[in-house]
Amino acid sequence: MIIRIREWMSPTAWFAAGIFATGAFWYFLSNKNYYGILGSGLGAIVFAGLAIYLHQLSDKSALHASHREQLGRYLSEAQGLRSRLSEQLLPIADHNAWVDRVNDYLRTNIGHDFEVRFSDFSGMVFYGDGSEKSKMSHSLEGRSRRLHEFIAELRS
């Protein structure tokens, strides 16, 4: 079940906690109504706890931590592939397998829009000589840039 936390919920809970903790508590204290004081204190604690719970539920950064970690592992793999560009035979099969793994992860775990953007290099400028090595380097660099963008988006 997906719980949708609206932006106004946490401030409202904090507002209610503040009312119970200050206004109501001091009002009942001045009237020497000890049951009212107890009720106000409990109300403040309950609403403060609710506000904290709502903050935790709406913390997108914590929700996407595992995705950011996995994308970081894919970045490490890309760096490993980039370090192999000097080999006599280019690791084309390894590169293609890496791209397929990342595409599959993005599609199944994060969303189709991320998968589409992963292979879209529009707006990026690459320099090279047009060789196969240069093309693979551009592929790794462009996809690494996209993974960095995805990680930044999943933080907020």
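Given the structure is predicted, the values throughout are model-derived calculations rather than measurements. (Residues numbered from 1 in each chain as written. Predicted model: local features only at pLDDT ≥ 70, side-chain atom pairs only at ≥ 80, totals over all residues. Heavy atoms only, no water.)

A.B. asks: Let's hear about the side chain of Arg146: which residues, and what values?
C.D. replies: For Arg146, the position within the fold is in helix α7 (residues 132-155). Arg146 sits in the buried class, given a relative accessible area of 9%. There is a polar contact of 3.3 Å between the side chain of Arg146 and the backbone oxygen of Ser122. Leave out the neighbours within four places in its chain, and Arg146 touches Arg117, Phe118, Asp120, Phe121, Ser122 and Met124. (Helix = DSSP H or I, 4+ residues; strand = E, 2+ residues; numbered from the N terminus. Buried < 20%, exposed > 50% of the residue type's maximum accessible area, 1.4 Å probe, protein only. Polar contact = N/O pair within 3.5 Å; in protein donor to acceptor, adjacent residues only side chain to side chain. Contact = heavy atoms within 4.5 Å.)

A.B. asks: Residues and numbers for the packing of aromatic side chains, please.
C.D. replies: This structure, assessed with the given rule, holds seven aromatic pairs. When the ring of Phe20 is compared with that of Phe47, the centres are 5.6 Å apart and the planes differ by 15°; the resulting orientation is stacked. A residue pair is termed long-range when its members are at least 10 positions apart, and Phe20 in helix α1 (residues 9-30) and Phe47 in helix α2 (residues 34-57) qualify at 27 residues. You can call Phe20 partly exposed: its relative accessible area is 29%. (Phe/Tyr/Trp six-rings, centres within 6.5 Å; stacked < 30°, edge-to-face > 60°.)

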